[in-house]
Structures are given as structure tokens and as C-alpha cells.
Amino acid sequence: MSTITKSVDVEADVTSVYNQWTQFTEFPRFMEGVDRIDQLGDTRTHWTVSIAGVQREFDATITEQHPDERVAWRSDSGPDHAGVVTVHRLDAAHTRVTVQMDIDPEGFVENVADKLGVLDRRVQGDLDRFKEFIEHRNGSETGAWRGDVDRPGQV
């Protein structure tokens, strides 16, 4: 299991940044290798991704979500991974986005990519493209989901 932690500072308010991050079907516009995401429900998604020419599909569940704070997930199938995206208000017009992801690469290609730091660079590249995506829109999000999802076992 490898842990990847990356951050980027975005010129947009925390609410707009958080709202954009809840628009999973938009991820292919800024995430390398993400071909498609289907929203199956408030907390379930189906992903189609390509890594080094190998296509994989998997389902993921949102395990915790709090507006303007965090979105956490875990995979239900496919490559074993889980993570959390947090948004931190730096000031009224700037937000830090941090991704922490634990991944257990599946198969030879993913293991080599992990060992060579490809996954690390991909996550940072995705964050950099997210920054460009929302800043190019002048901080305006394409949509929002403001629901609250408590971590399993919390009441």
C-alpha cells in the first residue's frame, strides 16, 4: 500500500472549490487517465480509467463528506484504494486543496508506475489541472452537491 499526499492552492473561494470537487462527472476534464465517471447515487460512483493503455473499471463509495471541508472515498472493486480530499480556506479568495490517497497497485503496470513515481506525478498533475480548470472559470463551479455523509459508525 502506497500513500500519496499532494496539495495545490487555488484562486477561488472555499465553497466554489468544494462544490466543483463534488461534480465527479467533470473529473475527466482535468484528471489524466479518467475516461468516464457515472454517478450511481449520492454516495456511489462507477469509474472507467486508463493507466498505461490498460483500461480498468471500478465502483467507489463516498464514506464521508462535509460541505466546504472534505470528501472521503474507498473503492468497492478494482484497484484497492481510499482517500480524502480536503479544502482549506486560506482567505476569502484562495483555497488549498489537499489529496491524501492510499493505493495498492493492481498488476504489473500499476506496480511499476507506483515504483517510478508516476502515480505521485499524476495526482499532482490532476490537482494542477483542477486549479487551471476552476480558475479559468473565474472560480465559478459547474454544479454542487451539498449533502453531508457521516463516516461509517458515526451518529
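Just so you know, these numbers come straight off a predicted model, no measurement behind them.

## Some thoughts on the nonpolar core
The tendency in soluble globular proteins is for nonpolar side chains to be buried side by side.
In step 1: Core analysis: the biggest nonpolar cluster contains 33 residues, and Val10, Val17, Trp21, Phe27, Trp47, Val97 and Phe130 have the highest contact counts within it.
In step 2: Ranked by the residues each element gives to this core, the list is headed by helix H3 (residues 118-136), at 6 residues.
In step 3: Setting aside residues no more than four positions away along its own chain, Trp47 makes contact with Phe27, Met31, Val34, Arg36, Ile37, Arg56, Glu57, Phe58 and Ala60.

## Structural notes on the sheet that holds strand E6 (residues 80-91)
In step 1: Reading across the sheet, the 7 strands line up as E1-E7-E6-E5-E4-E3-E2 and stay open at both edges, with antiparallel pairing between neighbours. Whereas interior strands pair on both sides, the edge strands pair on one side only; in this sheet they are strand E1 (2-10) and strand E2 (34-39). Within this sheet the neighbouring strands show an average axis-to-axis angle of 20°, counted without direction.
In step 2: With 5 bridges connecting them, strand E5 (residues 70-75) and E6 associate as antiparallel partners. Bridging from a neighbouring strand, Arg70 pairs with Thr86 of E6.
In step 3: Packed on one face of the sheet, helix H1 (residues 14-21) meets E1, strand E4 (54-66), E5, E6 and strand E7 (94-104) and runs near 160° to E6.

Each value, and the rule that gives it
Residues numbered from 1 in each chain as written. Predicted model: local features only at pLDDT ≥ 70, side-chain atom pairs only at ≥ 80, totals over all residues. Heavy atoms only, no water. Core = buried A, V, L, I, M, F, W, Y, C linked by side-chain atoms within 4.5 Å. Buried < 20%, exposed > 50% of the residue type's maximum accessible area, 1.4 Å probe, protein only. Helix = DSSP H or I, 4+ residues; strand = E, 2+ residues; numbered from the N terminus. Contact = heavy atoms within 4.5 Å. Pairing = 2+ DSSP bridges. Axes fitted to C-alpha atoms, helices over the stretch in contact; angles between N-to-C directions.

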